[in-house]
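One-letter residues, chain by chain:
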Amino acid sequence: MIKKFIDKLFGKSDSTEPGAKRVKKSPFGQRQDVGVKEHGIDVKLVDDRAMDVVRTLKDAGYEAYIVGGAVRDLLVGLRPKDFDVATDATPEQVKSLFRRAFIIGRRFRIVHVIYGRGREHEVIEVSTFRAHLDSSLAEQVGGNERTSKSELAGMKHAVDASGRVLRDNVWGPIEQDAARRDFTINAMYYDPETQVVVDYHNGIKDAKKKIIRMIGNPAVRYREDPVRIIRAVRFAAKLSALGFKFEDKTVAPLREMKGLLADVPQSRLFDEMLKLLQTGHALASIAQLKFLGLGTGIYPLLDVVVENADEPFLKLALQDTDRRVGEGKPVAPSFLLSCVLWSDVREGWEQRKKRGEHLMPALQDAIDDAFNAKIGDVSGRGKLGTDMREIWTMQPRFEKRTGSAPYSLLDQPRFRAGFDFLRLRAQTGEIDMELAEWWEKFSTAYDDERHAMIEEARRELQSKPQAPRVRVKRPDAPAPLAPRNQEGRDPDDQGADDERTGVDVQGDMPPAKKRRRRRKPRSGGAGAAAADGGAPGGDAQP
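One structure accompanies this document, and this report is about it. Predicted, not measured: the structure shown is a model, and the values here were computed from it. Just so you know, the residues in each chain are numbered from 1, in the order the chain's sequence is written. Where local features are concerned, this predicted model is filtered to residues with pLDDT of at least 70; where side-chain atom pairs are given and counted, the filter is 80 or more; whole-chain, interface and lining totals use all residues. Note that water and hydrogens are dropped before the side-chain values are worked out from all heavy atoms of the structure.

Moving on: the overall build of the protein chain. We count a stretch as a helix when DSSP gives it H or I for four or more residues in a row; a strand needs E for two or more, and each element gets its number in order from the N terminus. When helices and strands are tallied, the protein chain shows 24 helices and 13 strands. Per-residue burial over the protein chain gives 41% buried out of 542 residues. Considering only contacts within the protein chain whose residues lie at least 6 apart along the sequence, 62% involve residues at least 24 apart. Each residue's exposure class comes from its accessible area (1.4 Å probe, protein chains only) as a fraction of the maximum for that residue type: buried when under 20%, exposed when over 50%, partly exposed otherwise. Here, two residues are considered to be in contact whenever any of their heavy atoms come within 4.5 Å of each other.

Encoded structure:
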């Protein structure tokens, strides 16, 4: 009776009688507009260019908010490195408002608004509010994005056989856009002009309680987009230092859902792997992967990182990457991946050198083997693979410190990356630290100082005993037999002995050496004399 009275008092009813009204919880949550006194965001931490994008869209009559991880970081007092904006304007409408804006994406069409040029440029990503669609009502295809391109071309909402969303380009209101986002702490909208945070799923409360919670049923949400498994690991790694932890229901399905990643395109997994390693929390991400039982099976190259993370060289490279990101310095994926695969390349290189192969060909073959075994088709081609090869092939060139070699190496576009790689090798004891110190000094010295350093290196080299050079004789392929006449001679050389070898070409003699081809004498003059052994530099008269 008391429970019924309380339920009636608060407008609740479990009655099955006709006419009884049930209070259903909206799947889109309840909108809350939270002011600055409650959320405490410092507007000074907001990037000016993100402010400009929001202001431009609002001045044109559209809704616009800073959204996602940037709002989460602002709530906990961090300065976001990237800013995303959400709006009710379509991609075409957004593009028309900015001078440098580009529509990208197939599964999700978004706009990149670009400020600045070169290395200093910044991209503000602008997305349109999307509708929350029931995946059970979507059209189903048998393959994935790559194998079903023609079938997906005319679809706006499609899933594959496992329930993974392949197309979801249907615009909708802001409350539905919030419901289709993954975690509550990533589903808040911040207006930097009014300083109001729009929150539908208690994201501010979860941020204050330091909880990472999935919106909706976690198992269903992971099935819709298995990449959310990797994103969960990344958020946990980034926020673990601040004391954030997973809600039990959110973390429970992670390990059993890992197999869904097998259907995700390799290129997308590769990009997510780079985000794990290059957002300033690489070591924490690896620790989370191990803790959650996800250390293997996500992506082959990531398996190598987790397996070798405790090796001194790779651990130092990961620490250096985290440090650079924390200092706001750029990091190149080619450099980090070069460090990841260096143990494989170095091992193959040493084995080939022990067999007597030449230095550079042995290194090139070792690189090819490492790419084929660990990289595959995604990143071993194109600019990324080329940059990695340049970093590796620079390493033996650093040993040459005489003549013009140091100057030519210094002019290489990837010199700095190659030198940083050399420095890591020296710090782990793989090579002499003196070599890294020499190159650091040489790279910053004036011309006269560089000349003196090269001369000193030349004198040191001359004073050292030189090891005898060993020529490696490779087996020659048998030469094809030339046609012979009845006397066993080449029909073009009807004389006595073959002039290429000085011996008769017959029997089981070794293959003939290649000879220089004789010139046919021209008619008269100096040309004929030259052909007969005369001076080839004489004046020739017609």
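That shown, we press on.
Moving on, we get to the packing of aromatic side chains. Given two aromatic rings, their pairing is described by the distance between the two centres and the angle made by the two planes. Two rings belonging to Phe, Tyr or Trp (six-membered ring only in the last case) form a pair when the distance between their centres is within 6.5 Å. Interplanar angles under 30 degrees mark stacking, angles over 60 mark edge-to-face geometry, and anything in between is tilted. Summed over the entire model, instances satisfying the criterion amount to 17 aromatic pairs. A ring pair is formed by Phe335 and Phe421, whose centres lie 6.3 Å apart and whose planes are at 85 degrees; its orientation type is edge-to-face. Of this pair, Phe335 sits in helix 17 (residues 333-354) while Phe421 sits in helix 21 (residues 415-427), and the two are 86 residues apart along the sequence. Residue class for Phe421 comes out buried when judged on its relative accessible area of 0%. Ring plane angle 90 degrees and centroid distance 5.2 Å describe the contact between Trp342 and Phe421, whose orientation is recorded as edge-to-face. Taken as a pair, Trp342 in helix 17 and Phe421 in helix 21 lie far apart in primary sequence, 79 residues in all. A network of ring pairs unites the aromatic residues Phe398, Tyr407, Phe415, Phe419, Trp438, Trp439 and Phe442 as a single cluster.

For the rest of this paragraph, the subject is the nonpolar core. Side-chain atoms within 4.5 Å link the members of a nonpolar core, which is a set of buried Ala, Val, Leu, Ile, Met, Phe, Trp, Tyr and Cys residues. Formed by 97 residues in total, the largest nonpolar core has its most connected members in Val53, Met273, Leu301 and Trp392. If one sorts the elements of this core by residue count, helix 17 sits on top with nine residues. The contacts of Met273, once residues within four sequence positions are left out, are Tyr299, Leu301, Leu302 and Leu337. Formed by 16 residues, the second largest nonpolar core is a distinct cluster that contains Met394, Leu409, Ala426 and Leu435.

Moving on: unusual backbone geometry. Located in the positive-phi region is Gln195, a residue other than glycine, with phi close to 60 degrees. By secondary structure assignment, the location of Gln195 is in the loop between strand 10 (188-191) and strand 11 (196-199).

This brings us to helix 21. Multiplying 1.5 Å by the residue count of a helix minus one yields the expected span of that helix. With 13 residues, helix 21 ought to run about 18 Å at 1.5 Å a step, and its terminal C-alpha atoms sit 18 Å apart, in line with that. The element helix 21 is largely enclosed, with a buried count of eleven among its 13 residues. Where helix 21 is buried, its residues contact helix 16 (312-326), helix 17, helix 19 (382-394), helix 20 (405-410) and helix 22 (433-444). At the exit of helix 21 stands Gly429, carrying a positive phi of roughly 80 degrees.

What follows is about the packing of helix 21 against helix 22. What counts as an axis is a line fitted to C-alpha atoms, over the stretch in contact for a helix, and the angles between N-to-C directions run from 0 to 180 degrees. Relative orientation of the contacting elements helix 21 and helix 22 amounts to 150 degrees, with a least axis distance of 8 Å. The pairing of helix 21 with helix 22 is recorded here as roughly antiparallel in orientation. Considering only the axes of helix 21 and helix 22, their crossing is left-handed. Contacts between helix 21 and helix 22 involve Phe415, Phe419, Leu422, Arg423, Ala426 and Gln427 from the former and Met433, Leu435, Ala436, Trp439, Glu440 and Ser443 from the latter. For this scheme, ten residues count as nonpolar: Ala, Val, Leu, Ile, Met, Phe, Trp, Tyr, Cys and Pro. Four count as charged, namely Asp, Glu, Lys and Arg, and the remainder, Gly too, count as polar. Its residues assigned to classes, the contact of helix 21 with helix 22 shows eight nonpolar, two polar and two charged. Orientation categories follow fixed angle ranges, with anything under 35 degrees roughly parallel, anything over 145 roughly antiparallel, 65 to 115 roughly perpendicular, and all other angles oblique. Left-handed describes a crossing whose near helix is turned anticlockwise from the far helix through less than a right angle; right-handed describes the clockwise counterpart.

Here we take up the pairing of strand 3 (residues 84-87). Bridging between strand 2 (residues 64-67) and strand 3 involves four bridges; their strand directions are antiparallel. In the sheet register, Val67 faces strand 3, and the bridge partner there is Asp84. Two strands qualify as a pair provided that DSSP identifies no fewer than 2 bridges between them.

By the element assignment, Gln278 lies in helix 13 (residues 266-278). Each residue touching Gln278, except ones within four places of it in the same chain, is listed here: Val325, Val331, Ala332, Pro333 and Leu336.

Once that is clear, we can look at the environment of Gln278. The exposure class assigned to Gln278 is buried, which follows from its relative accessible area of 16%. Placed 46 residues apart in sequence, Gln278 and Arg324 show a C-alpha to C-alpha distance of 9.5 Å.

Here we have eight strands laid out as an open sheet, ordered 1-11-10-2-3-6-5-4, and mixed in their pairing. Bordering the open sheet on either side are strand 1 (32-34) and strand 4 (101-104), each of which pairs with just one other strand. Strand after strand, the sheet turns through a mean of 30 degrees between neighbouring axes, direction not considered. Pairing between strand 1 and strand 11: three bridges, direction antiparallel.

All right, on to the side chain of Gln288 then. Tracing the chain through its elements places Gln288 in helix 14 (residues 282-291). Among the residues examined, Gln288 registers a relative accessible area of 15% and is labelled buried. The contacts of Gln288, once residues within four sequence positions are left out, are Val233, Ala236, Ala237, Ser240 and Phe246.

This part takes up helix 16. The first and last C-alpha atoms of helix 16 sit 21 Å apart over 15 residues, in line with the 21 Å expected at 1.5 Å per residue. Listing the buried residues of helix 16 in full gives Phe313, Leu314, Ala317, Leu318, Asp320, Thr321, Asp322 and Val325. Here the buried face of helix 16 lies against helix 13, helix 14, helix 15 (300-308), helix 17 and helix 21. Where helix 16 terminates, the next one or two residues include Gly328, which has phi positive at roughly 75 degrees.

Salt bridges are counted wherever a side-chain nitrogen of Lys or Arg sits within 4 Å of a carboxyl oxygen of Asp or Glu. Counted according to the given criterion, the structure contains 32 salt bridges. A salt bridge links Arg401 to Glu434; the nearest nitrogen and oxygen atoms lie 3.3 Å apart. Of this pair, Arg401 sits in the loop between helix 19 and helix 20 while Glu434 sits in helix 22, and the two are 33 residues apart along the sequence. When its relative accessible area of 16% is taken as the criterion, Arg401 is described as buried.

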